[in-house]
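Topology and contacts: notes
Take a look at the letters that make up each chain.
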Amino acid sequence: MKLQGKVAIVTGSATGIGKAIATGMAAEGAAVVVDYVGAPDLANAVVGNIRSKGGKAMAIEADVSNPDQVNSLVQQTIKAMGRIDIFVNNAGMESKHPFTEYPFELWQKVIAIDLTGPFLCAQAAAKAMIQQGNGGRIVNISSVHEDLPMPTNAPYCAAKGGLRMLMRTIAVELAPHKITVNNIAPGAIYTPIDADVEANNKIESALMAEIPLGRWGKPQEVADLAIFLASDAAGYCTGSTFFIDGGMLRQSGSL
Ligand code: BGC
């Protein structure tokens, strides 16, 4: 068991990649907090599934873009589980619109959830970890789009690019406290965030043609990388982005 005795919070873990990370970390011995917004049934199902396999988990509702709710998420975790060792910034959203028509309110919402959220969460987690005094792990679920432009997804790309520099900067600041900070940058992973693409054969085939390995990634594959970065084995990894994209960033088209 790679995470025996650790306590982990995974934001946005009622579905998708977050769900796989919460479930995977619990299977490796961590007590896990399943953070969610507005989907108690889905969050409780993840908790129930973990408990049915003998793992420890609880669900807490908290909006990552709300400072009070984020502080309460960390405090409730410490009260219920005694400490916090691992924080996974997974919650995220995207909404695609041409740049010249991108609604301002939606820009603010995407930035709030995808960039301000990880700032608030990492800050609250780091404060608690510093107080505990024995290090910690912060893992951000970024995207290939922290580097690769994606037309019609300007705020998402801006937030993920920002998350790259947030991670690099706080990794340096938190290193003296033995808190590591890294990004996982997934490519196309088969989850509800891409429901529109999964439902359209033509668009799906075009996407697969962009991926040298020619297939969607699985949430479990991202979870395995998150487990590694959260484990003692990754003690010398900090300030880096780990891509998991089937080679998407290296594709050379029709060359
Ligand atoms: C986006 C998906 C997209 C994938 C690969 C992810 O970050 O959420 O919509 O398919 O990147 O481009």
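These numbers were taken from a predicted model, which means no experiment stands behind them.

1. Regarding the overall build of the protein
Looking only at helices and strands, one finds eight helices and seven strands in the protein. A compact globule built from 255 residues should have a C-alpha radius of gyration of about 18 Å, and the protein, at 18 Å, falls within 12% of that. C-alpha extents for the protein along the principal axes are approximately 50 × 35 × 35 Å. Per-residue burial for the protein yields a buried fraction of 49% across its 255 residues. Considering only residue pairs separated by 6 or more positions, the protein has 71% of its internal contacts joining residues 24 or more positions apart. When the accessible surface of the protein is summed, it comes to about 12100 Å², and 56% of that surface belongs to carbon and sulfur atoms. Distance between charge centroids for the protein: 8 Å, based on 20 positive and 23 negative side chains.

2. Considerations on the environment of Asn-153
Mapping Asn-153 onto the fold places it in the loop between β5 (136-141) and α5 (154-174). For Asn-153, a relative accessible area of 0% translates into the label buried. C-alpha separation for the pair Asn-153 and Ile-86, spaced 67 residues apart in sequence, amounts to 30 Å.

3. What to know about the pattern of salt bridges
Applying the stated criterion across every chain, the model contains six salt bridges. Across the pair Asp-232 and Lys-6 runs a salt bridge, and its minimum N-O distance is 3.4 Å. With a gap of 226 residues between them, Asp-232 in the loop between α8 (219-230) and β7 (241-244) and Lys-6 in the segment before β1 (7-10) connect regions that are remote in the sequence. One salt-bridge network, in which partners are shared between bridges, spans Glu-94, Lys-96 and Asp-196.

4. As for the sheet that holds strand β4 (residues 86-89)
With parallel pairing, the seven strands of this open sheet are ordered in space as β3-β2-β1-β4-β5-β6-β7. Every other strand in the sheet has two partners, leaving β3 (56-61) and β7 as the edge strands with one partner each. Taking the axes of each pair of neighbouring strands and ignoring which way they run, one obtains an average angle of 20° across the sheet. Relative to β4, β1 runs parallel, the two being bridged by three bridges. Counted as the bridge partner of Ile-9 is Phe-87 from β4. Each of β1, β2 (31-36), β4, β5 and β6 (179-186) is contacted by helix α1 (residues 16-27), which is oriented at about 170° to β1, the strand it contacts most.

Rules used in this analysis
- Residues numbered from 1 in each chain as written.
- Predicted model: local features only at pLDDT ≥ 70, side-chain atom pairs only at ≥ 80, totals over all residues.
- Heavy atoms only, no water.
- Helix = DSSP H or I, 4+ residues; strand = E, 2+ residues; numbered from the N terminus.
- Rg over C-alpha atoms; globule rule 2.2 N^0.38 Å.
- Buried < 20%, exposed > 50% of the residue type's maximum accessible area, 1.4 Å probe, protein only.
- Contact = heavy atoms within 4.5 Å.
- Areas by Shrake-Rupley, 256 points an atom, 1.4 Å probe, with all protein chains shown as cover.
- Lys, Arg positive; Asp, Glu negative; His and termini not counted.
- Charge placed at Lys NZ, Arg CZ, Asp CG, Glu CD.
- Salt bridge = Lys/Arg side-chain N within 4 Å of Asp/Glu carboxyl O.
- Pairing = 2+ DSSP bridges.
- Axes fitted to C-alpha atoms, helices over the stretch in contact; angles between N-to-C directions.

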